[in-house]
Structure formats: structure tokens, C-alpha cells
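Descriptive analysis of the structure
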Amino acid sequence: MITAHTPESCMRMALAQARLAAQEGEVPVGAVVLYKDRIIARAHNQVELLKDATAHAEILAITQASYAIGDWRLNECTLFVTKEPCPMCAGAMVNARLGKLVFACPDPRMGAAGSAMNITDFKGMLHTVQVESGLMEDEAREIIQDFFKLRRLEAKQDTAGKTMGEQ
């Protein structure tokens, strides 16, 4: 029995990718690409692993999706991502002619799909991306907040340990 993917099931997959990223010490962002009711790409941030500033979940997923369909134009694809894309990723979505972006939580500081700026709907570009936000926002925010709380705690412990060792 084949079941259709719902927006919620796609975002759950993206959240699972974000959790993988967190386990690997990466900023926990996950992405999934849906094409004609098939998942054709799954990715999470791999900036630290690959030592590549462009290895964001969205970029990796766009690359996988393009390979999967044999075209750089992703007009019929929907990308589900756990956090609002940065300017680099939003620009890649425009350049890839992405059909639709669905993200979970906004990024008021760096979000480029409507929060801090709006590259996905910038008039004058050759393409605009349809955007929906807020799907499973609380779960995505919790993953990100937990990750950074842990990072701050670890940094505080490292600092305390160095201070103790210097005495």
C-alpha cells in the first residue's frame, strides 16, 4: 500500500534530519524535497563535517533533487525545511526555480523568505518561490533552542575548567 506524503509527514522527515545534524554537532537544520508525491532528497547541515560554508541542508537537498530528476529546474518540487532559509539558500531556491518552500520556524535575524528580508519574492528576479511558514514551528524551534542551550552550557563548562586549571 502506497501512502501519499502529507506536508506534516514531510516536515517530520525534515525534523528527523535536523536531529541527525544536532547529533553530529551541526546546527540542527533539516530539509526534504517532495516531487510528484515522492521524496527525492533528504539532507541536514554538514558545514562542520565537510568544512564547507555552503553545505547547508537546503543547498545539499537542492543538489540531490536536481540529480534525482535530471534537471536543475525544480518548478514541480516542494522543499520542506525546519528553519527559514538564509540569503544564500533562498537565492539558490530562486535560481533553481523551486516551486514551493515550506519552513517551520522563522529566523528574524537572517531569514530571507520574509522575516529579515525576502529574496524568495523579490520583484525583479527571474523567479519567485511560493512560501508557507509555521508548519510544526514549535518542534523545530525546540530542536534549535535545545542545541544552542547545550552549546552554551558546554562553552561555560570549558571556560570554567580552563579557569580552574590555570590556578
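Going by the structure above, here's the rest.
Residues numbered from 1 in each chain as written. Predicted model: local features only at pLDDT ≥ 70, side-chain atom pairs only at ≥ 80, totals over all residues. Heavy atoms only, no water.

1. Here we look at the overall build of the protein chain
Counting its regular elements, the protein chain contains 5 helices and 5 strands. Each helix and strand of the protein chain, ordered N terminal to C terminal, gives the series α-β-β-α-α-β-α-β-β-α. Taken over C-alpha atoms, the radius of gyration comes to 17 Å for the protein chain, in line with the 15 Å a tight globule of 167 residues would show. Seen along its three principal axes, the alpha-carbon backbone of the protein chain occupies a region of about 60 × 45 × 30 Å. Within the protein chain, buried positions represent 43% of all 167 residues. Of all intrachain contacts in the protein chain linking residues separated by at least 6 positions in sequence, the fraction that spans at least 24 positions is 58%. With the model as given, the accessible surface of the protein chain reaches about 9400 Å², and the carbon-plus-sulfur share is 54%. Put simply, the protein chain has 18 plus and 21 minus side-chain charges, and the middle of one group is 2 Å from the middle of the other. (Helix = DSSP H or I, 4+ residues; strand = E, 2+ residues; numbered from the N terminus. Rg over C-alpha atoms; globule rule 2.2 N^0.38 Å. Buried < 20%, exposed > 50% of the residue type's maximum accessible area, 1.4 Å probe, protein only. Contact = heavy atoms within 4.5 Å. Areas by Shrake-Rupley, 256 points an atom, 1.4 Å probe, with all protein chains shown as cover. Lys, Arg positive; Asp, Glu negative; His and termini not counted. Charge placed at Lys NZ, Arg CZ, Asp CG, Glu CD.)

2. Points about the packing of helix H3 (residues 57-69) against helix H4 (residues 87-95)
Contact geometry of H3 with H4 gives a least axis separation of 9 Å together with a crossing angle of 20°. By the angle between their axes, H3 is roughly parallel relative to H4. Pair H3 / H4 crosses with left-handed handedness. Taken together, the residues of H4 that come into contact with H3 (itself represented by Glu58, Ile59 and Ile62) are Met88, Cys89, Ala92 and Met93. Here the residues of the contact of H3 with H4 sort into 6 nonpolar, no polar and 1 charged. (Axes fitted to C-alpha atoms, helices over the stretch in contact; angles between N-to-C directions. Parallel < 35°, antiparallel > 145°, perpendicular 65-115°, else oblique. Left-handed = near helix turned anticlockwise from the far one by under 90°. Nonpolar A, V, L, I, M, F, W, Y, C, P; charged D, E, K, R; others polar.)

3. Concerning the sheet that holds strand E1 (residues 30-35)
Here 5 strands make up an open sheet; going across it, the order is E2-E1-E3-E4-E5 and the pairing mixed. Edge strands, defined here as strands with exactly one partner in the open sheet, are strand E2 (38-44) and strand E5 (130-133). Put simply, the sheet's adjacent strands are angled 15° from each other on average, direction ignored. Seen against the sheet, H3 touches E1, E2 and strand E3 (77-83) and runs at an angle of roughly 150° to E2. (Pairing = 2+ DSSP bridges.)

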